[in-house]
Each structure stands twice: as C-alpha cells, then as structure tokens.
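# Summary of structural features
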Amino acid sequence: MAKPSTSVAPDPMVERLRAGLGGRAFTEQKMFGGTCFMIDGNMLVGTSKRGLLVRVGKDAHAAAAARPHARPMEMGGRSMEGYLHVGPEGTASEAELAFWLDLALAFVQTKPPKDKSAKVAKKRA
C-alpha cells in the first residue's frame, strides 16, 4: 500500500509575489503559517491561508483597511495596527496585487535596514 504524500502543494501567491517584486532584492522567511517577503530585514508582505498579509504602517492603516476585501490583522485576539489581511478576492488581478505591493513597499522603504549582526550580538549578550 502506498504511503500518503506529505508534500504540500506550492502556494501560487508565492510565485505571484516573486514576479511582482521583479528585480528588487528580497528574502523569504516562513512566518505566520506562510511565506513572508522581507526587504532589508523588514517584513513587506506574507502569504496565509486567509489571503495576503500586507504591512502598510499606522498612517495608511485606516484608509487601506477601508478598501474592499481588506481587514485589520489580528493576532491573539488583538488588532495589529499597520498590518492588514487582504482576502483572495482583493488580489485576484495583477493590478490589485500590484496596488498592495506598492502600498507595502512605500511604507517599508521608509524603514531603516535591520542590521543582522547587531541582532545576533544582542542575542549573545
């Protein structure tokens, strides 16, 4: 009798995000049960079973949360200001996905790069 496969089908959103980020330098990290895309160590967007997780920052939060298919991200029952979940319907077209990527990029590009060596040194102290 054949063993059931334990491999998970690849998330098509991951490929769409890679393509949408084009030639930008980014890294991917498993977080929140999906794949997060980071620029200079700062989280930009992430995939989840419920849709796209988008980092928009506190200033853009209210306006972005008012868009169709967007809602505040909640973690442990608390709303996380500056982060949104966008349902799959809100990223169905490439133009919609590009909107959310551009919004996240606009915010994350205001953040200083995270220095990994400082983080490692801080853990050792």
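That block above? That's the structure.
Here goes a summary of the coordinates provided. (Residues numbered from 1 in each chain as written. Predicted model: local features only at pLDDT ≥ 70, side-chain atom pairs only at ≥ 80, totals over all residues. Heavy atoms only, no water.)

## With respect to the side chain of Asn-42
Considering the arrangement of structural elements, one finds Asn-42 in strand β3 (residues 42–48). The class of Asn-42 is buried, set by a relative accessible area of 2%. Side-chain polar atoms of Asn-42 contact the backbone oxygen of Pro-112, separated by 3.0 Å. With residues near it in sequence (within four places) discarded, Asn-42 still touches Phe-37, Arg-55, Val-108, Lys-111, Pro-112, Pro-113 and Lys-114. (Helix = DSSP H or I, 4+ residues; strand = E, 2+ residues; numbered from the N terminus. Buried < 20%, exposed > 50% of the residue type's maximum accessible area, 1.4 Å probe, protein only. Polar contact = N/O pair within 3.5 Å; in protein donor to acceptor, adjacent residues only side chain to side chain. Contact = heavy atoms within 4.5 Å.)

## Here's the deal with the pattern of salt bridges
For side chains of opposite charge, pairing can occur when their charged atoms come near one another. Inspection of every chain in the model, using the stated rule, returns 3 salt bridges. With a shortest N-O distance of 2.4 Å, Arg-18 and Glu-15 are connected by a salt bridge. Taken together, the residues span about one helical turn, with Arg-18 and Glu-15 both in helix α1 (residues 12–21) at a distance of 3 residues. Here Arg-18 ties to Glu-28 by a salt bridge, and the two come within 2.6 Å at their closest N and O atoms. (Salt bridge = Lys/Arg side-chain N within 4 Å of Asp/Glu carboxyl O.)

## Considering the nonpolar core
Membership of the largest hydrophobic core comes to 22 residues, with the highest contact counts inside it found for Leu-17, Leu-44, Val-45, Leu-52, Val-54, Trp-100 and Leu-101. Those elements that place two or more of their residues in this core are α1, β2 (34–39), β3, β4 (51–55), α2 (58–65), β6 (78–86) and α3 (94–108). When residues in this core are grouped by element, the largest group, 6 residues, is from α3. Not counting residues within four places of it along the chain, the set of residues in contact with Val-45 comprises Leu-17, Thr-35, Cys-36, Phe-37, Leu-52, Leu-53, Val-54, Leu-101 and Ala-104. (Core = buried A, V, L, I, M, F, W, Y, C linked by side-chain atoms within 4.5 Å.)

## Observations regarding the pairing of strand β1 (residues 27–31)
Judged from the 5 bridges that link them, β1 and β2 form a sheet pairing that is antiparallel. By the bridge assignment, Met-31 is partnered in β2 with Gly-34. Between the antiparallel neighbours β1 and β2 lie 2 residues, among them Phe-32 with a positive phi of about 55 degrees. (Pairing = 2+ DSSP bridges.)

## Some remarks on α2
Within α2, the full set of buried residues consists of His-61, Ala-64 and Ala-65. Take α2 and look down its axis: the buried residues cluster within an arc of 90 degrees, on one side only. Every exposed residue of α2 that faces more than 90 degrees away from the buried side is listed here: Asp-59, Ala-62 and Ala-63. Looking at the buried positions of α2, the neighbouring elements they touch are β5 (70–75), β6 and α3. (Arc of directions from axis to C-beta.)

## Re the packing of α1 against α3
The interhelical angle for the contact between α1 and α3, taken along N-to-C directions, is 65 degrees, at an axis separation of 10 Å. The interaxial crossing formed by α1 with α3 has right-handed handedness. Across from Met-13, Arg-16, Leu-17, Gly-20 and Leu-21 in α1, the residues of α3 making contact are Glu-94, Leu-97, Leu-101 and Leu-105. Taken together, the residues of the contact of α1 with α3 sort by class into 6 nonpolar, 1 polar and 2 charged. (Axes fitted to C-alpha atoms, helices over the stretch in contact; angles between N-to-C directions. Left-handed = near helix turned anticlockwise from the far one by under 90°. Nonpolar A, V, L, I, M, F, W, Y, C, P; charged D, E, K, R; others polar.)

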